[in-house]
Amino acid sequence: MAEAPDCLGQKPTLKEVRDYVVPHVSSGKWENLGIELDLDDDGTLIDSISEKRGGDEAKCCLDVLKAWLQGKGEEPKTWRTLVGCLREIEAEEAVRSIEENILQTTSSATQPSQDEQLLESEPPTQPTSDLEPATIDYSLKLEPGKQIRSYQRELAGPGIKGENYIICAPTGTGKTLVAGLIISEHLQKRKLDGKTRKVIFMVNTRP
């Protein structure tokens, strides 16, 4: 299977963050973004940007991202880091903008391999194990601009077969979606068997 391009591992350009990120960071969140990007331990950078820009939040946000791209802070200068920080400050509109304009554009430029094309075809009509469903429904209801990628299907495979395992993948690669796929498949299988099940989904949170 061809590997999915590591779009998230690439470094953004200033033009890209200006066009696809800044307009979608809502009011009051640019300071939190600077903190998440590890730019301002003592508060002086954020204060100086705010004073310089006279409170213009779009310009302040762009200056924060410019400082980060130019080497300020210890966080890696990649889309993966930026997406993770945007999710921490709940800037989901900015995350969707990156997915629509950066990730999908790069993915669409890569031709799928024969194996990936087979993944898009109809699943087998007979299950290969007592827990694997006869039909796999990948057409879940996703937010606009989101899609299930081949590597996410591959990550979900052992869980769909009933195996116990740990998914280890970088921030922003859609581990929550993979978990949703696994849960959905098991619930659908139990429904076909005339049984009902409940799922407990636990996640740690930061105050």
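Scoring rules and cut-offs
- Residues numbered from 1 in each chain as written.
- Predicted model: local features only at pLDDT ≥ 70, side-chain atom pairs only at ≥ 80, totals over all residues.
- Heavy atoms only, no water.
- pLDDT = per-residue confidence, 0-100.
- Helix = DSSP H or I, 4+ residues; strand = E, 2+ residues; numbered from the N terminus.
- Buried < 20%, exposed > 50% of the residue type's maximum accessible area, 1.4 Å probe, protein only.
- Contact = heavy atoms within 4.5 Å.
- Patch = residues over 30% accessible without salt bridge, like charges linked within 9 Å, V, L, I, M, F, W, Y side chains within 5 Å.
- Areas by Shrake-Rupley, 256 points an atom, 1.4 Å probe, with all protein chains shown as cover.
- Salt bridge = Lys/Arg side-chain N within 4 Å of Asp/Glu carboxyl O.

**Examining the confidence of the model for the chain**
Part 1: Averaged over the chain, the pLDDT score is 75; the fraction of residues at 70 or greater is 70%.
Part 2: Of all the helices and strands in the chain, helix α7 (residues 114–120) carries the lowest mean pLDDT, 42, while helix α4 (residues 57–69) carries the highest, 93.

**So, the environment of A156**
Part 1: Examined against the element boundaries, A156 turns out to sit in helix α8 (residues 150–160).
Part 2: Overall, the relative accessible area of 0% leaves A156 in the buried class.
Part 3: With residues near it in sequence (within four places) discarded, A156 still touches Y165, V178, L181 and I182.

**So, a nonpolar patch on the surface**
Part 1: A cluster of nonpolar side chains, contributed by L187, V199, F201 and V203, occupies part of the molecular surface with about 360 Å² of accessible area.
Part 2: Assignment of secondary structure puts V199 in the segment after α9 (175–192).
Part 3: Here V199 falls in the partly exposed class, since its relative accessible area comes to 42%.

**Description of the pattern of salt bridges**
Part 1: The final tally for this structure, using the stated rule, is five salt bridges.
Part 2: Notably, a salt bridge pairs K15 with D19, separated by 2.8 Å at the nearest N-O pair. Taken together, the residues span about one helical turn, with K15 and D19 both in helix α1 (residues 14–20) at a distance of four residues.
Part 3: A relative accessible area of 52% places K15 in the exposed class.
Part 4: Residue classification places D19 among the partly exposed positions, given a relative accessible area of 28%.
Part 5: Residue R53 pairs with D63 through a salt bridge whose shortest N-O separation is 2.7 Å. Linking R53 in helix α3 (residues 44–53) with D63 in helix α4, this pair joins segments that are ten residues apart in sequence.
Part 6: Take D63: its relative accessible area is 11%, and that puts it in the buried class.

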